[in-house]
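The residues making up each chain are set out below.
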Amino acid sequence: MGCAPSIHVSQSGVVYCRDSDESSSPHQTAAVSQGAAALHGLFVKTEAADSIPAVLAYRSRQPPPCAGPRRKERGQPGAPARTRAPRCCGTEAETQSSSTGRQQASATEVQIGPMRLTQDPIQVLLIFAKEDNQSDGFWWACDRAGYKCSIARTPESALECFLDKQQEIIVIDHRNSRYFDGEDMCRSIRATKPSEHTVILAVVPRISADQDETSVLPLLNAGFDRRFMENSSITACYNELIQIEHGEVRSQFKLRACNAVFTALDHCQEAIEITSEDHVVQYVNSAFERMMGYHKGELIGKELTEIPKSVKNCADLSDTINAFIKKGKEWQGVYYTNRKSGDSIQQHVRITPVIGQGGKIRHFVSLKRLRCTNENNKQLCKSHHDNKCTGDNSQSESHSFKCKNRRKDSVDVKSITSQSSDAPSLQTRRNSSMARIHSMTIEAPITKVINIINAAQENSPITVAEALDRVLEILRTTELYSPQLGTKDEDPHTSDLVGGLMTDGLRRLSGNEYMFSKNMNLSHSHLSVPNTINDVPPCIAQLLDNEESWDFNIFELEAVTNKRPLVYLGLKVFGRFGVSEFLNCSEATLRAWLQVIEANYHSSNSYHNSTHAADVLHATAFFLGKERVKGSLDHLDEVAALIAATVHDVDHPGRTNSFLCNAGSELAVLYNDTAVLESHHTALAFQLTAKDSKCNIFKNIDRNHYRTLRQAIIDMVLATEMTKHFEHVNKFVNSINKPMASEETSSHSEGSDCERTANIKNFPDNQTLIKRMMIKCADVANPCRPLELCIEWAGRISEEYFAQTDEEKRQGLPVVMPVFDRNTCSIPKSQISFIDYFITDMFDAWDAFAHLPVLMQHLANNYKHWKTLDELKCKSLRLPSENNN
């Protein structure tokens, strides 16, 4: 093969292209007449021979293998005379080393965030009117770096070449304006779209020692990115190009890749808005323009405060959002905003802070989508062909959950109040409670099956009776106890209570979120906690002397402890039951644990706060003191029950499970809409305990004890979830009450009670049922407290439900319990419904087992109080005469 073709121009201006190793012949020589002529796609201007450097408009060249060894840089020892490389007239030729045949650089992988890119070898355009040492220096530097290189001699050909190849680096000779003006050349290139991501280098003359350094501002204003002081050293040129590649070119390559991201954003169905840390709008996508009715030019550069806001948001919502995002936390929820037309629309919004240089928040990214719950939103949804809002209408228009059933018959609690409080009548009443167990009307199908089997056993042979016993054991240990409720005697109060407490968001709307602040990192320095239980202030110690009584006033303890009763009562109760000794932990560790748990209750809640936790702890301790309960449980069960009572509502947001599921809250998503709060309470309690060794009360017990204790605590807290209320009550009645009632009927000896409780200890499943029933009764024992305490609790829980209804209306969520509207609600009616539906049967069953005459007397008195208020059509908590007093 011959060497690469070279171009020769005769004295007369004729241009030839021929291979250097072959003689010229007519069929091998291309003659071009004077004037413009096409030569291998190049425009050639034939002028006089002395204008040869400007002849080729642009060209790529390749040193041929026959060109001899590559020249060394001047100044190197033994450097031979500089030789010119033959020119190739092919426009796609690449530079290669004449001696080594250097290969083109391979593609480079570049990472930008999670995006992985492949960068092709760099292309360089040299714009030099004349070939000289400097242009050769850059040429061979490109060869060494493996870059593709092209040379242009005139502004026109340079622009043509750039638009064709769109090189990443352009080197412009700015040393002499005789042939073209370098700044004008740069401006011409910058006027084109592809130059946005191109780095342009100006080669300027070397400055002598006696000259002042010139400013680079004119170059920057013309569009140059860098200045290179004249230096024909290949190494100097190579270093400059390599720095540009790893600096500006790599950065520009990443920026160019962002075009793909912006394209994706513009085709995204969700409206997206990006703002600065100062809430200045920096970007909105097409979906945002369609949703809001604005053109992006009307929004970009404006502060969010300049854009009209909707008055439908609650006053402090903006402060709440800012408090979240300024801390680097994501906020999501429902937000009202105004379109350009003035229409108010409701959006589901997620705002995510973006951390930038220095670890500071540099941007906020907001994702917004319409909630199709009102007419404006529905019309917008229909106008967006890509918005799929099916299903929301039916959910938003669904009626309140109808309780299919109010219990057809409830116990006549008033008749109990007429009885005397002496011992014989109390025993009679207890027997009455036991008798009613067999006629409870909330029977599930499985309960009926058990009753039929019990009846069949009476007249069956011994073998059949034993087989039926085995059947009963199987039935009692499976999840078959959910009741079937009737459809008669519907009452809105009962219906709403069932809908609000026994459902997990049956009317859930997708795409709505409810955020509440977790009280995870509170400082406890302001809490005055005793070193030991003996160090408590006298006023608190005097109150705690009465803590074993059922009539203990928890609100007085709340007042004297500045709404921190749990630590003080906990120390006293845990000390009485030997919790520290069982856990092998110090009193200081127990005190620190109680302090952390109490700090994570929300004192802002009117009901679900640490006072409620202390009240449930007090009730649990009272029940554990009852002989039959005490005889049925082990020490581990007692410790588990006290811990479960303490933590059972930790970090409660003051809203029901149904609310959180309807709002699509973070917790509801985490726990799959099932026992959301109860699962959170237990998980958080163990997280807080293990977080710090100073408050880890479990750190010294062995693994097996810990696992058993942990499982018992979790089981008891989950039992407080109301969706399985009747299941737990039915299991207790059929597995504990009825077998014990049968034994009491067949045995009349006084000593048989101890034997019966001993039998319960032999069946762990029965112990579990007792613990569940105990914490359930402790959790909702308010109607069984003395009247003044009962009234206070009724007011607090009503206020919490009122607040939830207010927020549901404000956020456009389904109203779970419509009767709990602060303007129309009758608290006496709600209490009567709660007692009739949830309390009476459960406490009859618990009284039949634990023997609780004082509680049942209070329950009767309180029920009579609420009935009297209801008959007088009074919606308040007290009788008019009591209010006057």
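Here, the structure is the one placed above.
The model shown is predicted, which means the values in this text are computed figures rather than measured ones.

**Student:** Mind showing me how you'd approach the overall build of the protein here?
**Tutor:** When its secondary structure is counted, the protein shows 34 helices and 17 strands. Out of the 885 residues belonging to the protein, those deemed buried represent 51%. Partitioning the contacts of the protein with sequence separation of at least 6, the portion at a separation of at least 24 is 72%. As presented, the protein carries roughly 40900 Å² of accessible surface, and 50% of it is formed by carbon and sulfur atoms.

**Student:** Explanation requested: the state of the cysteines in the structure shown.
**Tutor:** Covalent bonding between the sulfur atoms of two cysteines is what defines a disulfide. Applying the stated rule across the entire model yields 0 disulfides. We note that Cys777 lacks a disulfide partner, and the nearest cysteine sulfur, in Cys784, lies 7.9 Å from it. We classify Cys777 as buried; its relative accessible area is 0%.

**Student:** Looking at this structure, how should I read helix 21 (residues 610–624)?
**Tutor:** In an α-helix, one turn spans 3.6 residues; hence positions three or four apart end up facing the same way. The end-to-end C-alpha distance of helix 21 is 21 Å, a good match for the 21 Å that 15 residues give at a rise of 1.5 Å each. For helix 21, the tally of buried residues reaches 15 of 15 residues, placing the bulk of the element in the interior. Residue Asn609 occupies the N-cap position of helix 21, its side-chain oxygen lying 3.1 Å from the main-chain nitrogen of Thr611.

**Student:** In this structure, what is going on with unusual backbone geometry? I would like to understand it.
**Tutor:** Of all residues except glycine, most have a negative phi; of all peptide bonds, most are trans. The backbone of Gln166 sits at a positive phi, close to 50 degrees, despite the residue not being glycine. Located in the positive-phi region is Asn672, a residue other than glycine, with phi close to 55 degrees. Assignment of secondary structure puts Asn672 in the loop between helix 25 (666–670) and helix 26 (676–691).

**Student:** Help me out: how do you make sense of the packing of aromatic side chains in this one?
**Tutor:** What characterises a pair of aromatic rings is the spacing of the ring centres plus the angle enclosed by the ring planes. Counted under the stated rule, the structure contains 21 aromatic pairs. Taken together, a centroid distance of 5.4 Å and an interplanar angle of 70 degrees make the contact between Tyr607 and Trp793 edge-to-face. Here Tyr607, found in the loop between helix 20 (587–599) and helix 21, pairs with Trp793, found in helix 31 (residues 787–811); they are 186 residues apart in sequence, far enough to count as distant. Residue classification places Tyr607 among the buried residues on the basis of a relative accessible area of 5%. A residue is classified by how much of its surface remains accessible, and Trp793, at 1% relative accessible area, is buried. Ring geometry for Tyr837 against Phe838: centres 5.0 Å apart, planes inclined by 75 degrees, an arrangement best described as edge-to-face. The exposure class assigned to Tyr837 is buried, which follows from its relative accessible area of 3%. Under the relative-accessibility criterion, Phe838 is labelled buried at 2%. Counting every residue linked through ring pairs, the aromatic cluster contains Trp550, Phe622, Phe623, Phe732, Trp846 and Phe849. Over the aromatic face of Phe686 sits the side chain of Arg710, whose NZ or CZ is 4.6 Å from the ring centroid. Positioned above the aromatic ring of Trp550 is the side chain of Arg785, whose terminal nitrogen or guanidinium carbon lies 3.9 Å from the ring centre.

**Student:** Help me out: how do you make sense of the nonpolar core in this one?
**Tutor:** Proteins that are soluble and globular tend to have nonpolar side chains buried together. Core analysis: the largest hydrophobic core is formed by 113 residues, its most contacted members being Leu583, Trp593, Phe623, Ile643, Leu709 and Trp846. Excluding anything up to four places from it in sequence, Phe623 contacts Trp550, Val629, Met774, Cys777, Ala778, Trp846, Leu852 and Leu855. If you look at the next biggest cluster of nonpolar residues, it comprises 25 residues, including Ile122, Val124, Trp139 and Cys149.

**Student:** Would you mind showing me how to read the pattern of salt bridges here?
**Tutor:** Per the counting criterion, the structure on display carries 30 salt bridges. Here Glu799 ties to Arg822 by a salt bridge, and the two come within 3.2 Å at their closest N and O atoms. Of this pair, Glu799 sits in helix 31 while Arg822 sits in the loop between helix 31 and helix 32 (827–850), and the two are 23 residues apart along the sequence. On the basis of relative accessibility, which here comes to 33%, the residue Glu799 falls in the partly exposed class. Among the residues examined, Arg822 registers a relative accessible area of 37% and is labelled partly exposed.

**Student:** Please clarify how the sheet that holds strand 14 (residues 281–284) should be interpreted in this entry.
**Tutor:** Note on sheets: strands pair through backbone hydrogen bonds, and any given pair is parallel or antiparallel. Pairing is antiparallel across the open sheet formed by 5 strands, whose spatial order is 14-13-17-16-15. Only two strands of the sheet have a single neighbouring strand rather than two, namely strand 14 and strand 15 (331–338). Taken pair by pair, the neighbouring strands of this sheet meet at an average axis angle of 30 degrees, ignoring direction. Alignment of strand 13 (residues 271–276) against strand 14, held across 3 bridges, turns out to be antiparallel. Bridged to Glu273 within strand 14 is Val284.

Rules of the game
- Residues numbered from 1 in each chain as written.
- Predicted model: local features only at pLDDT ≥ 70, side-chain atom pairs only at ≥ 80, totals over all residues.
- Heavy atoms only, no water.
- Helix = DSSP H or I, 4+ residues; strand = E, 2+ residues; numbered from the N terminus.
- Buried < 20%, exposed > 50% of the residue type's maximum accessible area, 1.4 Å probe, protein only.
- Contact = heavy atoms within 4.5 Å.
- Areas by Shrake-Rupley, 256 points an atom, 1.4 Å probe, with all protein chains shown as cover.
- Disulfide = S-S within 2.5 Å.
- Expected span 1.5 Å × (residues − 1).
- Polar contact = N/O pair within 3.5 Å; in protein donor to acceptor, adjacent residues only side chain to side chain.
- Phe/Tyr/Trp six-rings, centres within 6.5 Å; stacked < 30°, edge-to-face > 60°.
- Lys NZ or Arg CZ within 6 Å of the ring centre and 35° of its normal.
- Core = buried A, V, L, I, M, F, W, Y, C linked by side-chain atoms within 4.5 Å.
- Salt bridge = Lys/Arg side-chain N within 4 Å of Asp/Glu carboxyl O.
- Pairing = 2+ DSSP bridges.
- Axes fitted to C-alpha atoms, helices over the stretch in contact; angles between N-to-C directions.

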